[in-house]
Amino acid sequence: MNGSTAVPPWLPTAPCTPGHCAAHPETGRDHRADRAGAVLAVARLTAGIGAVLLGLLLAPAAGLLPAATRLALVRFWTRAVVRAFGVRVRYEGEAGAVTGPLLVVANHVSWLDIPLLAAVLPGRMVAKAEVRHWPVLGTLAALGGTLFIDRDRLRALPGTVRVMSGVLAGGGRVVVFPEGSTWCGRARGRFRPAAFQAALDSGCAVLPVRIDYRPTGAAAYVGDDPLGTSLWRVVSVRRMAADIRILDPISSLRYPDRGALAAAAQRAVDQGTVSQRTVANESANLPSLSVHQRASSRPAAASSSRTPA
């Protein structure tokens, strides 16, 4: 997610900082008029944290349920968490139009990106290793099957790609933010090609998703922004909206290498055009695929041992 103070030179970084991006008022708007009252902000914060803690308490019991029931509960819970923090959501596109394993890739703006995607496209998230040690959220991420990557160990990257390939080859779904770092939403980073090797190895499709927020600055979780500060900024906005555009899938068979596949996915996200104009709000029954569904594909090959740029 957001960066750290000491970043190895090979890691992707964004120029966005809390002072210049996250706290930036929206152009042409009266920033003060968009502020929620203190009572409403505290109520939202309390409700959101309560929803997260409830999920943590119920997670062991939910693990005993059938997969389809468990996934339905995850979708319901993640929508409830986002709504409790005061964020209204609109999903555009067909989440259930593609069957079988998928590598889901999206631009990365906020910690909100994770529950928003989990609400409609649940799968194995890929996150930096530090997330495992976050209070409450780290435990939930681990229980949800998150694939943690040690970004400081460049040699660990091929192993992570192999694990992703295995999940996809087994019919599962993997969710990745290939920019490698959060951006403010007004600008975006280059899609790094590493994760796309897993799609090539397993022969699965890539599903690009574009995430936008209004107001953008309040949602952005960038640089060394503390999580508590970001939470307060989100609940303090009078109205926050998130638009999730599920774009057309991209066949990995059409591209010769991970660089070309990553560039195609980035172009799709940058354009953000949905061909099937299906719009669903947060109260609708959002179609979603089970991570256990399978589709015929070529056998997974051994993941490349090369470390991508």
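Coordinates for the structure precede this section.
Residues numbered from 1 in each chain as written. Predicted model: local features only at pLDDT ≥ 70, side-chain atom pairs only at ≥ 80, totals over all residues. Heavy atoms only, no water.

### Some thoughts on helix α10 (residues 258-271)
Here is step 1: If you check α10, its first and last C-alpha atoms are 20 Å apart, about what 14 residues at 1.5 Å a residue would give, namely 20 Å.
Here is step 2: Taken together, the buried positions of α10 are occupied by Arg258, Leu261, Ala262, Ala264, Ala265, Gln266, Ala268 and Val269.
Here is step 3: Structurally, α10 contributes buried residues whose contacts are with β2 (102-106), α7 (196-202) and β6 (205-214).
Here is step 4: Measuring from the side-chain oxygen of the N-cap residue of α10 to the backbone nitrogen of Gly259 gives 3.1 Å; that N-cap residue is Asp257.
Here is step 5: Positive phi appears at Gly272, one or two residues downstream of α10, with a value of about 60 degrees. (Helix = DSSP H or I, 4+ residues; strand = E, 2+ residues; numbered from the N terminus. Expected span 1.5 Å × (residues − 1). Buried < 20%, exposed > 50% of the residue type's maximum accessible area, 1.4 Å probe, protein only. Contact = heavy atoms within 4.5 Å. Polar contact = N/O pair within 3.5 Å; in protein donor to acceptor, adjacent residues only side chain to side chain.)

### Considering the nonpolar core
Here is step 1: Residues Leu116 and Leu117 are the most contacted members of the largest nonpolar core, which totals 48 residues.
Here is step 2: Looking at this core element by element, the count peaks at 5 residues for β6.
Here is step 3: What Leu116 contacts, discounting residues up to four positions off in sequence, is Val82, Val89, Tyr91, Tyr213, Ala242 and Ile244. (Core = buried A, V, L, I, M, F, W, Y, C linked by side-chain atoms within 4.5 Å.)

### Some points on the packing of aromatic side chains
Remark: the centre distance and the inter-plane angle together describe each pair of aromatic rings, the angle taken between the planes.
Here is step 1: Per the counting criterion, the structure on display carries 2 aromatic pairs.
Here is step 2: A ring pair is formed by Phe85 and Trp111, whose centres lie 5.5 Å apart and whose planes are at 80 degrees; its orientation type is edge-to-face. Residue Phe85 is located in the loop between α3 (67-84) and β1 (87-92), and its partner Trp111 is located in the loop between β2 and α4 (113-118); the two are separated by 26 residues in the primary sequence. We note that Phe85, like Trp111, is buried.
Here is step 3: Summarising the aromatic geometry, the rings of Phe191 and Phe196 are spaced 6.4 Å apart at their centres and angled 25 degrees between planes, so their arrangement reads as stacked.
Here is step 4: Its relative accessible area of 4% is what places Phe191 among the buried residues. (Phe/Tyr/Trp six-rings, centres within 6.5 Å; stacked < 30°, edge-to-face > 60°.)

### Side note on the side chain of Glu92
Here is step 1: Looking at where Glu92 falls in the secondary structure, it is placed in strand β1.
Here is step 2: Within the structure, the side chain of Glu92 is placed 3.5 Å from the side chain of Arg90, a separation counted as a polar contact.

### A short note on the environment of His108
Here is step 1: Along the chain, His108 turns up in the loop between β2 and α4.
Here is step 2: Note: C-alpha distance between His108 and Val222 (114 residues apart in sequence) is 9.8 Å.

### Side note on the pattern of salt bridges
Here is step 1: Throughout the structure, instances matching the rule amount to 6 salt bridges.
Here is step 2: Taken together, the shared-partner salt bridges connect Arg90, Glu92, Arg214 and Asp243 into one network. (Salt bridge = Lys/Arg side-chain N within 4 Å of Asp/Glu carboxyl O.)

### Considerations on unusual backbone geometry
Here is step 1: Between Arg214 and Pro215 the backbone carries a cis peptide bond, its omega angle lying at -5 degrees.
Here is step 2: For Pro215, the location among the structural elements is in the loop between β6 and α8 (216-219).

### As for the environment of Ala106
Here is step 1: Among the secondary structure elements, Ala106 is positioned in strand β2.
Here is step 2: Accessibility expressed as a relative area gives 0% for Ala106, which makes it buried.
Here is step 3: On a C-alpha basis, the gap between Ala106 and Ile246 in space is 9.4 Å, while along the polypeptide they are 140 residues apart.
Here is step 4: When near neighbours in sequence (up to four residues on either side) are disregarded, Ala106 contacts Leu117, Val176, Phe177, Pro178, Phe191, Val209 and Ile211.

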